[in-house]
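Residue-level listing of the chains:
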Amino acid sequence: LISFLDMESEASRYFMNDIFPKLDEEFIKTGKLKFYNKYHIKKKDFNEKNNKFLYASYFICIKSIKREVYYPLYFETFKLDKIKDISELLGKYNISKQMLDECIQENSFDEIKLDLLEVENFGVAGILPRFYVGIGGVDNTILDGVPKYLKFNATIRRYGFLIGN
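Keep in mind it's a predicted model, so treat the numbers as computed, not measured.

A. Focus on the overall build of the chain. A tally of helices and strands in the chain yields 8 helices and 4 strands. Projected onto the principal axes, the alpha-carbon positions of the chain cover approximately 50 × 35 × 25 Å. A total of 165 residues make up the chain; the buried ones form 45% of that total. Long-range pairs, those at least 24 residues apart, make up 65% of the contacts in the chain between residues at least 6 apart in sequence. Computed over 25 positive and 24 negative side-chain charges, the separation of the two mean positions in the chain equals 4 Å.

B. Quick look at the packing of aromatic side chains. Here the structure, examined in full by the defined rule, presents 19 aromatic pairs. The interplanar angle of 85 degrees and the centroid separation of 6.1 Å between the aromatic rings of Phe59 and Tyr70 together place this pair among those described as edge-to-face. Of the two residues, Phe59 is situated in helix 3 (residues 51–65) and Tyr70 in helix 4 (residues 70–77); the sequence distance between them amounts to 11 residues. Residue Phe59 is classed as buried on the basis of its relative accessible area, which comes to 0%. Under the relative-accessibility criterion, Tyr70 is labelled buried at 2%. Taken together, the ring pairs in this structure connect Phe15, Phe20, Phe35, Phe59, Tyr70, Tyr71, Tyr74, Phe75, Phe78, Phe131 and Phe152 into an aromatic cluster.

C. Representation of the side chain of Asn153 in the model. Residue placement: Asn153 occurs in helix 8 (residues 149–162). In this view, Asn153 contacts Glu26 and Phe27; residues no more than four positions away in its chain are not counted.

D. Broad picture of the nonpolar core. Of all hydrophobic cores here, the largest spans 46 residues; its most connected members are Leu1, Phe15, Leu23, Phe59, Tyr74 and Phe152. A per-element tally of this core places helix 3 first, with 8 residues. For Phe15, the residues in contact, after removing those within four places along its chain, are Leu1, Leu5, Phe20, Pro21, Leu23, Phe35, Phe131, Val146 and Phe152.

E. Spatial organisation of the state of the cysteines. In total, this model carries 1 disulfide according to the counting rule given. A disulfide bridge connects Cys61 with Cys103, and the sulfur atoms are separated by 2.1 Å. Given an S-S torsion of about -85 degrees, the disulfide between Cys61 and Cys103 has left-handed geometry. Of the two residues, Cys61 sits in helix 3 while Cys103 sits in helix 6 (residues 97–106), which places them 42 residues apart along the sequence.

F. Fine view of the environment of Phe46. On the secondary structure map, Phe46 appears in helix 2 (residues 43–48). For Phe46 and Phe109, which are 63 residues apart along the polypeptide, the C-alpha to C-alpha distance reads 9.7 Å.

G. Structural context of the packing of helix 3 against helix 4. Interaxial distance between helix 3 and helix 4 falls to 9 Å at its minimum, and their mutual angle equals 155 degrees. Classified by the interaxial angle, the pair formed by helix 3 and helix 4 is roughly antiparallel. Contacts from Phe59, Ile62 and Lys63 of helix 3 reach helix 4 at Tyr70, Leu73, Tyr74 and Thr77.

Cut-offs applied
Residues numbered from 1 in each chain as written. Predicted model: local features only at pLDDT ≥ 70, side-chain atom pairs only at ≥ 80, totals over all residues. Heavy atoms only, no water. Helix = DSSP H or I, 4+ residues; strand = E, 2+ residues; numbered from the N terminus. Buried < 20%, exposed > 50% of the residue type's maximum accessible area, 1.4 Å probe, protein only. Contact = heavy atoms within 4.5 Å. Lys, Arg positive; Asp, Glu negative; His and termini not counted. Charge placed at Lys NZ, Arg CZ, Asp CG, Glu CD. Phe/Tyr/Trp six-rings, centres within 6.5 Å; stacked < 30°, edge-to-face > 60°. Core = buried A, V, L, I, M, F, W, Y, C linked by side-chain atoms within 4.5 Å. Disulfide = S-S within 2.5 Å. Axes fitted to C-alpha atoms, helices over the stretch in contact; angles between N-to-C directions. Parallel < 35°, antiparallel > 145°, perpendicular 65-115°, else oblique.

Next up, the structure:
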């Protein structure tokens, strides 16, 4: 499951808080599904270094500083009232603000650039969120917006059937 989410989007927050826990319990924790997040960022966001860019850059750096807390911190961020409160989570996960700032200053953010190209080249720019479900990046099913859990479940099970699960 590849997701293009926006930290500021109510639809993305709904997915992470209401749908994702069910997917996590039934498919991810059981090893039937892998989850990959991508940043829903546009060229304008990157050039202006606005909030969308800052959030993505924080997470890229968190992944490089302390990889093992990346996903827990990422998921918890969607539960915050204001995304600006991410700095409060740094202490909880023992991440130095100084190290984070240094990483942001030194990073070329190639991962963000790749996500930006995917958003623009695959027509994701006007759609939020977008999900790709598939096997090895081939013949993906695209789900736009936030489908009901049953739609995710049926789509994932169909691919599981194809590989003999």
